[in-house]
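# Architecture at a glance
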Amino acid sequence: EHCNLKYSDILPHNAEGYPATREFLMKVVDILLDFIKSTSDRNAKVLDFHHPSDMMRLLDLEIPDTGLTLQQLLIDCSTTLKYQVKTGHPHFFNQLSCGLDLISMAGEWLTATANTNMFTYEIAPVFILMEHVVLQKMRELIGWSGGDSILAPGGSISNLYAFLAARHKMFPTYKERGLSAIGGQLVMFTSDQCHYSVKSCAAVCGLGTDNCVMVPSDDRGRMIPSKLEELIMERKARGHIPFFVNATAGTTVIGAFDPIPEIADICQRHKLWLHIDAAWGGGLLLSRRYRHPRMTGIERADSVTWNPHKLMGALLQCSTIHFKEDGLLISCNQMSAEYLFMTDKLYDVKYDTGDKVIQCGRHNDVFKLWLQWRAKGTEGFEKHMDRLMELSEYMVRRIKQMPDKYYLILEPEMVNVCFWYLPTRVRNMPHTAERIKILGDICPILKGRMMQAGTLMVGYQPDDRRPNFFRNIISSAAVTEVDVDFLLAEMDRLGHD
Ligand code: ABU
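Below: a short report on this structure. In this convention, every chain numbers its residues from 1, walking through the sequence in written order. The model is predicted, so local features are restricted to residues of pLDDT at least 70 and side-chain atom pairs to those at 80 or more, both for listing and for counting; the totals for chains, interfaces and linings are taken over all residues. Each side-chain value is derived from all of the structure's non-hydrogen atoms; neither hydrogens nor water enter the calculation.

## Section: unusual backbone geometry
The amide bond that connects Leu-11 to the next residue, Pro-12, takes the cis arrangement and shows omega of 0°. Only DSSP runs of H or I with at least four residues qualify as helices, and only runs of E with at least two residues qualify as strands; both kinds are numbered from the N terminus onward. By secondary structure assignment, the location of Pro-12 is in the segment before helix H1 (18–39). For Asn-115, which is not glycine, the phi dihedral falls at a positive 40°. For Asn-115, the position within the fold is in the loop between helix H4 (102–114) and helix H5 (125–142). The exposure class of Asn-115 is exposed, given its relative accessible area of 66%. At Ser-336, a position not held by glycine, the phi torsion is positive, near 55°. As for its placement among the helices and strands, Ser-336 is situated in the loop between helix H11 (328–333) and helix H12 (367–401). Summary of the burial criterion: residues with accessible area below 20% of their type's maximum are buried, those above 50% are exposed, and those between are partly exposed, where the area comes from a 1.4 Å probe applied to protein chains only.

Okay, here's the thing in structure tokens:
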């Protein structure tokens, strides 16, 4: 009976439209539940891959002149999810953000329904207070009693906030005077394994990427502190102004942890801002077993990026940036737009967090994390971290038990397991540059087979030391030992020839 109903028949366009609205939304929820069910089904595919030109033919993406029926919109919703990669499937190991935490998802549904902006307390009172409480809790886990934080749209922007605050701290008049406040060449330092967003700060903030100095890392991907100090001295000798060091806690590809205590000593000696990009590794702060020695000394940082949408499994996106010093975010970024941030409001306007950030509209990314944290408790997160690490250790053990089929590239510090698959034809070859080249060439072919089969997704990439290799990520609560065994058997099934 509702087949021909349209947009104009539901709320708010039709004041009598609640029954039709309810029925439509319940049907949308049924579609979402079907997707959730198949995401949890180990026998269902992870993806139904089609090349973009074929996908264009399979989909009806046209924007019509006349609005379509609600029935058609339901078909559109189903079709969209039919071709969506199931990132919560137990056989999806492709990204740092894997899994579908259903409590966090319920939070995201509520967030969408509340549809508010996070810039002022007056339109988001509960969410603003939640943000305050959750971020304070995260700062406590870092080891700070005070400070300030904000949720940002992704780890790259969180890192940018750290850069801006560091520059503001050293040159407080930069906001008004721009480059003339500096009067020299600013230089920043990071390891050659860092996330590319650190280098991007140098590009977008006027340093130029030549002044983002890449510090060499050791064979485990960890920054070499003595090299950092040498490079700082070298730049100082050239009359440059070093001001910022980024240490990574959990590098994107290898999952390495830069040695924080040594780097912090160097920053102290040279009066440099220490930022820790723990976008990936930050979740391990919740584990008493795994936070040390990886993040020992993190409390010595001036700022920390930490993405709950990665290891903690909060839904995308949920990224945080934390500062040891309170007041910096506001003094660095405040523009005092009078139409939004009036100072004569009914309430304490320090809760109008919108003037601390460089964006105006800000999505509510906190509710899903707050609700998830309430559901799991801090202990639940600790168990989750320990489980992810145990599963990764299991995978390493299994790989070592099959030296004819798998070659472990290095002992992981985190849940990134980096390896090559060895097809039959290379198994008797010595492990020379010639074999490594073949193994690198195999990665895109085997990944292509996984995607065509739709049974598995594992990422691959080259780095500056080796050609392509697989990087497996276990950051989903759906994964068990059975799935790790499936992954290793399926790669062998698809790639043995
Ligand atoms: N921001 C890093 C995400 C990269 C990945 O998921 O592999």
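## Focus on helix H14 (residues 481–495)
Expected span of a helix: the number of residues minus one, times 1.5 Å. Look at H14: 21 Å from first C-alpha to last across 15 residues, which is about the 21 Å you get at 1.5 Å a residue. Of the residues making up H14, those classed as buried are Asp-483, Val-484, Leu-487, Leu-488, Glu-490, Met-491, Asp-492, Leu-494 and Gly-495.

## A word on the packing of aromatic side chains
Two rings from Phe, Tyr or Trp (for Trp, the six-membered ring) form a pair when their centres sit within 6.5 Å of each other. Planes less than 30 degrees apart are called stacked, planes more than 60 degrees apart edge-to-face, and all others tilted. According to the stated counting rule, one finds 14 aromatic pairs in the structure shown. Each ring, one from Tyr-407 and one from Trp-420, has its centre 5.7 Å from the other, and the planes form 45°; the classification is tilted. Pair noted here: Tyr-407 is in strand E9 (residues 406–408) and Trp-420 is in strand E10 (residues 416–421), with a separation of 13 residues, a long-range link. In this structure Tyr-407 comes out as partly exposed when scored by relative accessible area, which is 30%. Taking the centre distance of 6.4 Å and the plane angle of 75° together, the rings of Tyr-460 and Phe-470 count as edge-to-face. Separated by 10 residues along the polypeptide, Tyr-460 in strand E11 (residues 457–461) and Phe-470 in strand E12 (residues 469–473) bring together distant segments of the chain. An aromatic cluster is defined as three or more aromatic residues linked by ring pairs; in this entry it consists of Tyr-406, Phe-419, Tyr-421, Tyr-460 and Phe-470. Geometry around Tyr-174 places Arg-167 over its ring, the cationic atom sitting 3.6 Å from the centre. We call a charge positioned over a ring when the NZ of a Lys or the CZ of an Arg lies within 6 Å of the ring centre and within 35 degrees of the ring normal. Cation over ring: Arg-466 sits above Phe-469, and NZ or CZ is 5.5 Å from the ring centre.

## Description of the sheet that holds strand E4 (residues 212–215)
With respect to topology, 7 strands assemble into an open sheet ordered E2-E8-E7-E6-E5-E3-E4, the strand pairing being mixed. Because the sheet does not close on itself, it has two edges, and the strands there are strand E2 (148–152) and E4. Averaged over all neighbouring strand pairs, the angle between strand axes comes to 20°, with direction disregarded. Following DSSP output, two strands are said to pair if at least two bridges run between them. Where E2 and strand E8 (residues 319–323) come together, 5 bridges link them in antiparallel fashion. Within E8, the residue paired with Ala-152 across the bridge is Ser-319. Only C-alpha atoms enter the line fits that serve as axes; for helices the fit covers just the stretch in contact. Angles between N-to-C directions range over 0 to 180 degrees.

Interpretation note: all reported values are geometric properties and have no functional meaning in isolation.
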